[in-house]
Structures are given as C-alpha cells and as structure tokens.
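Close look at the chain arrangement
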Amino acid sequence: MLKIYNTLTGRKETFEPLVPKTVRMYVCGVTVYDECHLGHARSALVFETIRRYLQYRKFKVRFVKNFTDVDDKIINRAKELGIPWQAVTARYIKAYYRDMKRLGIRKATVEPKATTHMADIIGLVRTLLRKGIAYRADGDVYFQVEKFPAYGALSKRKLSDMQAGARVEVDERKRHPMDFALWKAAKPGEPAWNSPWGPGRPGWHIECSAMSMKHLGKTFDIHGGGADLIFPHHENEIAQSCAATGKAFARYWVHNGFVQVNQEKMSKSLGNFFTIREIFEKSEWSEEMTGEILRYYLQTNHYRSPLDFSDQALREAKNALDGFYDLFKRLTEPEGRATADKGLMEANERCRSAFREAMDDDFNTPVAIAEFQRLRSDVNKLVDQGLSTEARQIARKEFRSLGKDLGLFQLDKWRFRVLDEPTDWPPPWMRPQDRPRVPQPSIADADLPVSTLSDEEIKEKLDERNEARRQKDFVKADQIRAELAREGIIIEDKPDGTTRWKR
C-alpha cells in the first residue's frame, strides 16, 4: 500500500484517490519575477518524482502547476528594470523552462497563469461575497476568517493566537488582523482588470483556488508545495475554497522541506543564495554539472527533511554517480561465462521489491537510492564472478528502468545489442576544461597492484585527502586518490560524507 504523509492530519495515511487509479494533483508554482533558486529546484523535483512514481504504480495522473504572473514583486521588478510587467513575466517564464529542462523536469499536464483565469477568480470572489463570508472595503474585497471556524487546521494554529505574517497586509479596514485580500483595488500605473467592485487585481491566495478548481474540480486528491506555503497561503486556500463550495478541497497536503546552505537558511541577505542558472553556468561546476548530478543530490534527503547544500555534498553526489557509470561501462564488456547469472536475477528481484517498498513509504528516495547502491555493489561482485553477455544487458536495463522514476542512470547512449561501442563517463561535454585534473583509474581497471601500505597509512592518506577537499584543493585531493589507486586502493565517497576504501 502506498502511504503519504498528510500535513493536514499530521500522519502517514494510505493513499486512496477519489477516482480509482486516477490522481488529480495541484502544486503551487513560481511567481515569475526572478531566476529560480535551489528551493524551486527541490520543490519541482519532489513533485516530479511523486508524479513519476504514481505513474510507475499505474495511476493516471492529471498534474496542474501554475504560474503566478501578477503580483507586487512582479510590479516592483518591472519598475526596477524600467520595462512593462508583461515583459518581466515573459522573461522569467522562459528562464523557468530553461532551468526545468536542465533538471529533466517535464511539463505538467496543465500550467495555468493567473492572468488567463480572471473570470474564474472574479466568479469565486462573487460567490464568497454572496455567502456573506467576504466583505468590501473601498474597492478591495477581504475574506473574513472569523466566519470560517476551521481556520488554522492545516498550520495547527489558533486564530486567537495568530499575528500578521508573510504577505499579510495590516489594514485598519480589516475586521480581523488575519483577514486577507481576495481582490485589490487598482493603483495608478499597476495592471488592472474590470470587476463588479471596480478595476483591480486578485490577491495571491485566490488565484490558486480558482485555477485548481477550474482544472481539477472542487475536490481533488493532492495539493503540494514548499513548507513555507503552509501558512498563510495554503491555510487561506482551504478557507476560501471550502467556504465557497461547502466541500472538502484537497484530501492530501504534501510539503517539501527547506533548503539550507552550510546549515543556514538560504537567503539573499546572507549572501548564500544560489540560483539554478548559477549552479549550471557560473560556479566551479559549470563544466561538468548535469541534471542527474543535481537530481541525485536532491534525492539523497527525504523530501520532508531540511536539505543542506554545499559544494562538498554536490561533489559527493557526482562521485557516487561516477561509481554507477563505471559499472555500466564494465557491463559493455562482452563475457561468455554465465556462472553468476542466477545471482543477478535474485539481486534484481530484491532491488525491485525494496525500491517499491521504499517509495510506497511516503516516497522515501534516500532508501531507494541506498538500494541502488546495494545493487551496484552486488552487480560488481557478480561481474567478477562471471556474467553472460545477456545478463550484462539485463543488469544495465534494470538500473535504467528503476532509475527512470527518479530521473537517474539515463545519460549514456549505449545500445545493448552493440557491445563494442562503450561510452566514456563523464562524456566530453561534461569535462572541466579550466581546472587541472589527475587522470583517474576506473574501478574496472585490471591488474591493479598489490598495496604495500598498512591500514593506518591508508587512513592517514584519506584524512589528508579529506582535509584537502574541505579546503577545496581538489587537485591535491585527486593526486592522493590517484596515488592510492596506483597502490591498488579503491576509494568511494558516500553521499553521507564518509569515504569507504578497499584493496
């Protein structure tokens, strides 16, 4: 059974969609006024993975992810750049698609924009006014939270204890400090649409309610977004939607954790703010970064946990992927013996079962990746024992098939019927051109020498290498790795920061 942690109830629940084998899912997208950052990358990947796994489980998924393309931040950015607000949204929607393509994130089934749903938004506001749950104030329209008794259920807050927070405007015209804007009266020079209450534009929260119900119905299965959206955004969505329809809104609320940088919350004010574009184009990673590396790294933490970003963690993710692609290269080498073929079938079956068990447990990607690592180790041993050509093909297909649901192990272009055309890893377009690199022996290299180093000497070398990595002296770290390789010592950097070695 597939279980999902529901923020609304605070526990894991067996997933049962409203319509059997069909999932309707809405995820809050980006406000298009700037480049996407790591937090956006994580959220996009989390819900892409959930969508892929649901499809793996044979669900038909209708996935809706919106663009907020009218907002105070957009208006302010347009003034700052001296261009029309429409040019701002067009620029950053284009940038969003560029970044998602690099990450291998597919488009949602529907990607609505707030500006193309004004009739739906105005209709929803009209309904709330007619029911007496909203009120007008000088061209603005506010939702009256005291008339929705369940307000605070998602965020586990009591209305009496609440204070005005992010994106909540303090206004003396409000009947309660937590009342929020459904419609904002037009100001000079700002975008505006005609409404029964005069020209203006929608509040932030009403957009998502109108778009989700337009494309998924009054009640749907999953609503997702970052943990920062739980309050006030998602709390307000629930209030206005349920008040308008008299029905449940979303049945399962799914939220991904924050991204931290060196154990501090990522923010522009701290100077530790990274955009997706910077990681791919402007950092030391620009010559070798791929979407798979970033995907692997982001999925080594459970989606609900905080994620600490660092250069070292990203490098360890690349090293881990190197280990997989080294194995895939070995699997292109033809071999006639079949002494371990039965063992491969058993290893594949165990991995498939463990992968599904992990993902059924609230999409536990770290455990799924650990199972891939275990399968990699098993297959390396089986190759040493002897795998037939057919078994080698099956082994590679198994990694590709299971990895597809996490967006992993898809880069190489090997054709299994042709085994004499191996592809090097990393491919030429990934290799750094500006940083000197020491050639690295593959773990598949034959006739490695017998080491004369003691265990204590090896550990000293590893400590020296780890210190070089902490100092970002990667040339020295590579030299030590190569020196150990010449002694027949194979080392592997694990995603948790530890280093494993063997003779």
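Below: a short report on this structure. (Residues numbered from 1 in each chain as written. Predicted model: local features only at pLDDT ≥ 70, side-chain atom pairs only at ≥ 80, totals over all residues. Heavy atoms only, no water.)

**Here we look at the overall build of the protein**
Rules: Strands are runs of DSSP state E lasting at least two residues, helices are runs of H or I lasting at least four, and both sets are numbered from the N terminus onward. Here, residues are in contact when the closest pair of their heavy atoms is within 4.5 Å. All accessibility values rest on the Shrake-Rupley procedure with a 1.4 Å probe; residue burial counts only the protein chains present in the view.
Broken down by element type, the protein carries 14 helices and 15 strands. Contacts in the protein between residues at least 24 apart in sequence constitute 76% of all its contacts with a sequence separation of at least 6. Looking at the protein as shown, the accessible area adds up to about 22,800 Å², and 49% of this sits on carbon and sulfur atoms.

**Side note on the environment of Ala320**
This is how the line gets drawn: With a 1.4 Å probe rolled over the protein chains alone, any residue whose accessible area is under 20% of its type maximum counts as buried; one over 50% counts as exposed, and the rest are partly exposed.
Position of Ala320 relative to the elements: it lies in helix H9 (residues 311-330). Ala320 sits in the buried class, given a relative accessible area of 1%. Between the alpha carbons of Ala320 and Tyr296 there is a distance of 8.8 Å; along the sequence they are 24 residues apart.

**Thoughts on the packing of helix H4 (residues 118-130) against helix H5 (residues 204-216)**
For clarity, the threshold we go by: Under this scheme, a helix contributes an axis fitted over its contacting stretch, all axes are lines through C-alpha atoms, and angles between N-to-C directions fall in the 0 to 180 degree range. Small angles under 35 degrees read as roughly parallel and large ones over 145 as roughly antiparallel, with 65 to 115 read as roughly perpendicular and the rest as oblique. Classes in brief: Ala, Val, Leu, Ile, Met, Phe, Trp, Tyr, Cys and Pro nonpolar; Asp, Glu, Lys and Arg charged; the others, Gly included, polar.
Viewed as axis vectors pointing N to C, H4 and H5 meet at an angle of 105°, and their least axial separation amounts to 9 Å. One element, H4, and the other, H5, form an angle in the roughly perpendicular class. Contacts between H4 and H5 involve Asp120, Ile121, Leu124, Val125 and Leu128 from the former and Ile206, Glu207, Ser209, Ala210, Met213 and Lys214 from the latter. By residue class, the composition of the contact of H4 with H5 is 7 nonpolar, 1 polar and 3 charged.

**Observations concerning a negative patch on the surface**
Using the following cut-off: For patches, a residue must show more than 30% relative accessible area and have no salt bridge; joins then use 9 Å for like charges and 5 Å for nonpolar side chains, namely Val, Leu, Ile, Met, Phe, Trp and Tyr. A pair is scored as a salt bridge if a Lys or Arg side-chain nitrogen falls within 4 Å of a carboxyl oxygen belonging to Asp or Glu. When charges are counted, Lys and Arg contribute as positive and Asp and Glu as negative, whereas His and the chain ends are disregarded. Charge positions are represented by NZ for Lys, CZ for Arg, CG for Asp and CD for Glu.
Residues Glu456, Glu457, Glu460 and Asp463 make up a contiguous surface patch of negative charge. Within the element layout of this structure, Asp463 appears in helix H13 (residues 455-470).

**Concerning the sheet that holds strand E4 (residues 60-65)**
How we decide: A pair of strands is treated as paired once DSSP finds two or more bridges between them.
With respect to topology, 4 strands assemble into an open sheet ordered E4-E3-E9-E10, the strand pairing being parallel. Two strands in the sheet have a free side with no partner beyond their single neighbour: E4 and strand E10 (250-256). In this sheet, adjacent strand axes meet at a mean angle of 20° when their direction is disregarded. Two elements, strand E3 (residues 22-27) and strand E9 (residues 220-226), share 3 bridges in a ladder whose sense is parallel. Across the sheet, the residue bridging to Val27 is Gly224, located in E9. Packed onto the sheet, H5 meets E3, E4 and E9 and runs at close to 160° relative to E3.

**A word on empty space enclosed by the protein**
The following threshold applies: Detection works on a 1 Å grid of protein atoms alone, calling trapped sets that fit a 1.4 Å probe cavities and calling open sets with protein on both sides within 12 Å along at least five of seven lines pockets, with lining residues defined by an atom within 4 Å of a point. Grid points are joined across faces, edges and corners, and a volume is the space filled by probe spheres set on the points.
Tallying each qualifying case throughout the model produces 1 cavity of 30 Å³ or more. When its volume is computed, the largest cavity comes out at roughly 110 Å³. As for the largest cavity, its lining consists of Arg42, Leu45, Val46, Thr49, Ile50, Leu298, Gln299, Asn301, Tyr303, Phe363 and Thr365. Take the lining of the largest cavity: its biggest share by element is 5 residues, from helix H1 (residues 38-56). Class assignment of the residues belonging to the lining of the largest cavity gives a composition of 6 nonpolar, 4 polar and 1 charged.

**A look at the pattern of salt bridges**
Summed over the entire model, instances satisfying the criterion amount to 31 salt bridges. One salt bridge in this structure joins Arg304 and Asp362, with 2.8 Å as the shortest N-O distance. Here Asp362 lies in the loop between helix H10 (341-360) and helix H11 (365-385) and Arg304 lies in the loop between helix H8 (291-298) and strand E13 (307-309), a separation of 58 residues in the sequence. Classification of Arg304 by relative accessible area gives partly exposed; the value is 33%. Here Arg350 ties to Asp378 by a salt bridge, and the two come within 3.5 Å at their closest N and O atoms. Taken as a pair, Arg350 in helix H10 and Asp378 in helix H11 lie far apart in primary sequence, 28 residues in all. For Asp378, a relative accessible area of 22% puts it in the partly exposed group. What you see here is one network of salt bridges that share partners, running through Glu35, Arg98, Asp99, Arg102, Arg277 and Glu281.

**What to know about a positive patch on the surface**
Side chains of Arg126, Arg130, Lys131, Lys218 and Lys247 sit close together on the surface and give a patch of like positive charge. For Arg130, the location among the structural elements is in helix H4.

**So, the sheet that holds strand E8 (residues 200-202)**
With antiparallel pairing, 4 strands are arranged side by side in an open sheet as E5-E6-E7-E8. What marks the edges here is a single partner per strand, and that holds for strand E5 (134-137) and E8. Between one strand axis and the next, the sheet turns by 20° as a mean value, whatever way the strands run. Both strand E7 (residues 180-185) and E8 contribute to a ladder of 3 bridges, which runs antiparallel. The residue of E8 that forms the bridge with Ala185 is Gly200.

**Comments concerning the environment of Tyr252**
Basically, it comes down to this: We define a polar contact as two N or O atoms separated by no more than 3.5 Å, with the added condition that, inside protein, one atom must be a possible hydrogen donor and the other a possible acceptor, whereas residues neighbouring each other in sequence contribute only through side-chain atom pairs.
Topologically, Tyr252 is positioned in strand E10. Its relative accessible area of 4% is what places Tyr252 among the buried residues. Each C-alpha atom of the pair Tyr252 and Gly224 lies 8.4 Å from the other, and the pair is 28 residues apart in sequence. Residues contacting Tyr252, with those up to four places away along its chain left out, are Asn6, Glu13, Thr14, Phe15, Glu16, Asp221, Ile222 and His223. Here Glu16 takes part through its backbone nitrogen, which lies 3.0 Å from a polar atom of the side chain of Tyr252.

**Quick word on the state of the cysteines**
The cut-off we apply is this: Note that a disulfide, as used here, is simply two cysteine sulfur atoms within 2.5 Å.
This structure, assessed with the given rule, holds 0 disulfides. As a non-bridged cysteine, Cys208 has Cys28 as the owner of its nearest cysteine sulfur, 3.8 Å distant. Given the relative accessible area of 1%, Cys208 is considered buried.

**Topic: the side chain of Asp360**
Its location among the elements puts Asp360 in helix H10. Classification of Asp360 as buried rests on a relative accessible area of 9%. A polar side-chain atom of Asp360 sits 2.6 Å from a polar atom in the side chain of Arg57. Apart from residues lying up to four places away in sequence, Asp360 is in contact with Met1, Leu2, Lys3, Tyr53 and Arg57.

**With respect to H11**
Filter applied, for reference: To estimate how far a helix should reach, multiply one less than its number of residues by 1.5 Å.
In a regular helix each residue adds 1.5 Å, so 21 residues correspond to 30 Å; H11 covers 30 Å between its end C-alpha atoms and thus fits that length. Every buried residue belonging to H11 is among Thr365, Ala368, Ile369, Glu371, Phe372, Gln373, Leu375, Arg376, Val379, Asn380, Leu382 and Val383, and all of these are buried. Immediately downstream of H11, the backbone of Gly386 shows phi near 125°, a positive value.

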